[in-house]
Amino acid sequence: MKNVTLGTLLLYLSLFVARSLSQDVPPYTEDCRTDAYPPSKKDIPVKTYVLNLDLPPQQRWANLAKEKAPQIKDMINSIINLVGSVVNTTEAIAFVDKEFALLADGLPAPYGDEMKGIATAANIPLGQVVLYNVFYELFTLCTSIVAEAPNGTLYHARNLDFGLFLGWDVENDTWSLSEKLRPLIINVDYQSKGETVTRAVHFAGYIGVLTGVKPGVLTLSMNERFQLDGGYIGFIKWLLGDHSGKWMGFFIREVLVDSISYEAAKKSIMTEELLAPAYFILGGNSSGQGCVITRSRETMDNLEEMTKTESGWFVLQTNYDNWKNAPFFDDRRTPGDKCMNRLTQDKVGLAGIYNVLSTKPVLNLLTTYTALMQVNTGYLETYIRNCPQPCFPW
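Sequence order as written defines the numbering, with residues in each chain counted from 1. Side-chain atom pairs in this predicted model are given and counted only at pLDDT of 80 or more, local residue features only at pLDDT of at least 70, and totals for whole chains, interfaces and linings cover all residues. Hydrogens and water molecules were not included; the side-chain quantities draw on all heavy atoms of the structure.

Undergrad: An account of the nonpolar core is needed here, citing residue identities and associated values.
TA: Definition used in this section: a nonpolar core is a set of buried Ala, Val, Leu, Ile, Met, Phe, Trp, Tyr and Cys residues joined via side-chain atoms within 4.5 Å. Buried means the residue's accessible area, taken with a 1.4 Å probe over protein chains only, is under 20% of the maximum for its type, while exposed means over 50%, and partly exposed covers the values in between. Formed by 85 residues in total, the largest nonpolar core has its most connected members in Met75, Tyr132, Tyr190, Phe203, Leu220 and Phe280. At 10 residues, helix α3 (residues 62-84) tops the list of elements feeding residues into this core. Throughout, a contact is declared for two residues whenever any of their heavy atoms are within 4.5 Å. In this structure Tyr132 touches Ile72, Met75, Ile76, Ile79, Leu184, Phe203, Ala204, Gly205 and Tyr206, once residues within four positions along its chain are discounted. In terms of nonpolar packing, the next biggest core, distinct from the first, is built from 22 residues, Ala149, Tyr155, Trp313 and Val362 among them. Secondary structure elements are taken from DSSP: a helix is a run of H or I of four residues or more, a strand is a run of E of two residues or more, and numbering for both begins at the N terminus.

Undergrad: So what about the pairing of strand β7 (residues 185-192)? Which residues, and what values?
TA: Of all the eight residues making up β7, seven are buried; the element is thus mostly covered by neighbouring parts of the structure. We call two strands paired when DSSP finds no fewer than two bridges between them. Here strand β2 (residues 48-52) pairs with β7 via five bridges, running parallel. Residue Leu51 lies in a different strand from β7, and its bridge partner there is Tyr190. Both β7 and strand β8 (residues 195-203) contribute to a ladder of eight bridges, which runs antiparallel. Bridging across to β8, Tyr190 finds its partner in Thr198. Taken together, β7 and the strand that follows it, β8, pair antiparallel across an intervening segment of two residues, in which Lys193 is found at a positive phi of about 55°.

Undergrad: I'd like a description of the sheet that holds strand β11 (residues 278-283), backed by residues and values.
TA: Strand-to-strand pairing in sheets goes through backbone hydrogen bonds, with the strands running parallel or antiparallel. One open sheet accounts for eight strands, arranged β2-β7-β8-β9-β10-β11-β12-β13; its pairing is mixed. Since the sheet does not close on itself, it has two edges, and those belong to β2 and β13 (300-305), each with one partner. Taken over all neighbouring pairs, the strand axes of this sheet differ in orientation by 20° on average, direction set aside. Each of β10 (218-224), β11, β12 (290-295) and β13 touches helix α10 (residues 262-271); the most contacted strand, β12, lies at about 15° to it. Axis lines are fitted to C-alpha atoms, over the contacting stretch for helices. Their N-to-C directions set the angle, which ranges from 0 to 180 degrees.

Undergrad: Describe the pattern of salt bridges, with residues and values.
TA: By convention in these notes, a salt bridge is any Lys or Arg side-chain nitrogen within 4 Å of a carboxyl oxygen on Asp or Glu. For the structure on display, the rule yields 18 salt bridges. Of the charged contacts, one joins Lys180 and Asp74 as a salt bridge, the two residues approaching to 3.1 Å between their closest N and O atoms. Pair noted here: Lys180 is in helix α7 (residues 176-181) and Asp74 is in helix α3, with a separation of 106 residues, a long-range link. Residue classification places Lys180 among the partly exposed positions, given a relative accessible area of 29%. We note a salt bridge from Arg332 to Asp330, for which the minimum N-O separation is 2.9 Å. Accessibility assignment for this pair places Arg332 and Asp330 in one class, buried. Through salt bridges with shared partners, a single network forms among Arg225, Asp301, Asp321 and Lys324.

Undergrad: Tell me about unusual backbone geometry, and please be specific about residues and values.
TA: Of note, the amide linkage connecting Pro26 to Pro27 takes the cis form, showing an omega dihedral of 0°. Examined against the element boundaries, Pro27 turns out to sit in the loop between α1 (6-21) and β1 (44-45). Residues Lys360 and Pro361 are joined by a peptide bond in cis, for which omega reads 5°. Note that Pro361 resides in the loop between α12 (350-357) and β15 (367-374).

Undergrad: Give a description of the state of the cysteines that names residues and reports values.
TA: Two cysteine sulfurs form a disulfide in these notes if their separation is within 2.5 Å. All chains considered together, the criterion is met by two disulfides. Between Cys32 and Cys339 runs a disulfide, and the two sulfur atoms are separated by 2.2 Å. Taking the sign of the S-S torsion, about -90° here, the bridge from Cys32 to Cys339 comes out left-handed. One end of the pair, Cys32, is in the loop between α1 and β1; the other, Cys339, is in helix α11 (residues 333-343), with 307 residues separating them in the sequence. Residue classification places Cys339 among the buried positions, given a relative accessible area of 4%. A sulfur-sulfur distance of 2.0 Å marks the disulfide that ties Cys387 to Cys391. An S-S torsion of about 100° defines the bridge between Cys387 and Cys391 as right-handed.

Pasting the structure below:
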């Protein structure tokens, strides 16, 4: 991992100050795009894999784990090296291999067994696979949108941003872990008895879900929420034996697989105890069914219904409470709202929303993928993203 140079620090310090003084800092920000869809060759569509839920848990991910083993190992090594920058790398590996492996048996079924299957198939120590799966509970930034067309059709799309402060490559002006993640992005078609149960976006080797669609029923994405009583506290409580809270990625997967309706999913998201605070962006299959549920670990703090927003036809959520002003140093909400309103409801569709999510700084150097979903058809398409320089680091 390369050291950050003084010049790079000064450059981004100046950008930080400029962004604090003005929402528009061309060319690091830009006017609302209308030309990003259809995606260019640089925005690569990801491959879809089938997950057979009828197989024993240890066999479900085996073929994918074998295929993606080099990329998974590369990502895990980067995480361990990051830990090793704080403590001795050899000691960190020994601790992860031993202590994190023990966590697998305490995870709710079938997740521990699925991780064991991945570890065996990819020839990676189980503790490292568990670490890889825990990591995403703590470090995600995002922008999610649910919007309704005039005829009542609902669209759901999101950018997933990952890797903030987790290693900067000064030679390429990129976040190191974000670069490692992009080759791992896949779509997964969950099937039982040969029929699709749900579709989700995954990082190969990570068995939780952050983005998905249950065809004909609902769409769902999760954005991280920053609180002092956050995911670290929930994780520590879980390690100490309090397993009342649900792991975020596992919980979203369960909602997508098991929920029979928008309202059932909404109730579960509003009431279940979680390991981390979060924003859940939920879309249904009928006019008006779109909302943002703001959660602390143990309680719901706010419910923003799409029909009660200023626009009445979309919700847009980043990583900050939507009833407060976004912080000056990371305001993706203002340009996102501006571009949605400029799009207008008459032009709502996957193309228009993709253009909004492709507009800097909504698109930034942390953005790993953009996912597009439409509930009625069960449509899910995901593109690997790279923000062309000049581009804000977040």
